[in-house]
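Observations on the three-dimensional arrangement
This is what each chain is made of:
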Amino acid sequence: MYRYTEDELTEKLSRPDTRREAFTHVVDTYGEKLYWMIRKMGLSHDDTNDIVQNTFMKAWMNLDGFRGDSKLSTWLYKIAINENITFLNRQRAMNNISIDDTDVFLLEKLKSDDYFDGDNLLLKLQEAILNLPEKQRIVFNMKYYEDMKYEEMSEILGTSVGALKASYHHAVKKIETFLTDSV
């Protein structure tokens, strides 16, 4: 299958006669990347699949609003992050958890997830990450796991590069402290 560039995909998505085929390529190209970005937020396989599916549904329904001002991948990441936040807020509400509390309930779901094959060290790392405030967790995952540049993160999250660097630095320190204290 031919792999389109982002510019080619954007152009094909803007035309009604090539939109459906181009969107299939979008799903093929970005589906796994979005899955792993969301999955590393500490979510179960099934929850992650739901969020990715919602991301693509929202992207499809809003294609007319995508003007190409940002990269297609940036737009998709932004939708995925927003879908993730919406999902977590719903989970917190269902579990009567304040937004200020940690999301350790996700750790319990992760432990019981048939698709989680991590060892105790990976589980400890996930616990440390889940103890971060939501914004720091997102920034940490995007930088650490996705190796995303701060400029791209800034576009996705609408936060300054300096604030993102500080957030990442604080997240790393908190994770180090958590892992050191729990040994």
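Since the structure is predicted, the reported quantities are computational estimates derived from the model, not experimental observations. Numbering of residues starts from 1 in each chain and follows the order in which that chain's sequence is written. Since the coordinates come from a predicted model, pLDDT governs what is reported: local features require at least 70, and pairs of side-chain atoms require 80 or more to be given and counted, while whole-chain, interface and lining totals use all residues. Only hydrogens and water are set aside when side-chain values are computed; all heavy atoms of the structure are taken into account.

What characterises a pair of aromatic rings is the spacing of the ring centres plus the angle enclosed by the ring planes. Here is the rule: rings of Phe, Tyr and Trp (six-membered ring for Trp) pair when centre to centre is within 6.5 Å. Planes less than 30 degrees apart are stacked, more than 60 are edge-to-face, and the remainder are tilted. Within the structure shown, the criterion is met by eight aromatic pairs. Where Tyr-35 meets Trp-36, the ring centres are 4.9 Å apart and the plane angle is 85°; that geometry is what we call edge-to-face. Relative accessibility decides the category of a residue: with a 1.4 Å probe and only protein chains considered, values under 20% of the type maximum give buried, values over 50% give exposed, and everything between is partly exposed. What makes Tyr-35 buried here is its relative accessible area of 12%. When the ring of Phe-140 is compared with that of Tyr-168, the centres are 5.8 Å apart and the planes differ by 15°; the resulting orientation is stacked. Placement of the pair is Phe-140 in helix H7 (residues 134-145) and Tyr-168 in helix H9 (residues 161-181), with a sequence separation of 28 residues. With a relative accessible area of 4%, Phe-140 lands in the buried category. Connected via pairs of aromatic rings, a cluster forms that spans Phe-140, Tyr-144, Tyr-145 and Tyr-168. Two limits define a charge over a ring: the Lys NZ or Arg CZ must be within 6 Å of the ring centre, and within 35 degrees of the ring normal. The lysine or arginine in question, Lys-143, covers the ring of Tyr-150, its NZ or CZ lying 4.6 Å from the ring centre. In this description a helix means any DSSP run of H or I spanning at least four residues, a strand means any run of E spanning at least two, and both kinds are numbered starting from the N terminus.

Where charged atoms from two side chains of opposite charge come close, those side chains can pair. Whenever a carboxyl oxygen of Asp or Glu lies within 4 Å of a side-chain nitrogen of Lys or Arg, that contact is scored as a salt bridge. The tally for this structure, following the rule as stated, stands at six salt bridges. Close ionic contact of Asp-64 with Arg-19 constitutes a salt bridge, the shortest N to O distance being 2.9 Å. You can see Asp-64 sitting in the loop between helix H3 (45-61) and helix H4 (72-94) and its partner Arg-19 sitting in helix H2 (residues 19-39), a full 45 residues away along the chain.

Looking now at the nonpolar core. To qualify as a nonpolar core, a set must consist of buried Ala, Val, Leu, Ile, Met, Phe, Trp, Tyr and Cys residues joined through side-chain atoms within 4.5 Å. One finds Val-26, Leu-34, Leu-72 and Leu-76 to be the most contacted residues of the largest nonpolar core, which totals 45 residues. Ranked by residues supplied to this core, first place goes to H4 with nine residues. In this structure Val-26 touches Leu-9, Leu-13, Gly-31, Phe-56, Leu-72 and Leu-76, once residues within four positions along its chain are discounted. Contacts between residues were defined by any pair of non-hydrogen atoms, one from each residue, lying within 4.5 Å.

The next thing to look at is unusual backbone geometry. Of note in this structure, Asp-147 is not a glycine but carries a positive phi near 50°. Mapped onto the elements, Asp-147 comes out in the loop between H7 and helix H8 (150-157). Take Asp-147: its relative accessible area is 59%, and that puts it in the exposed class.

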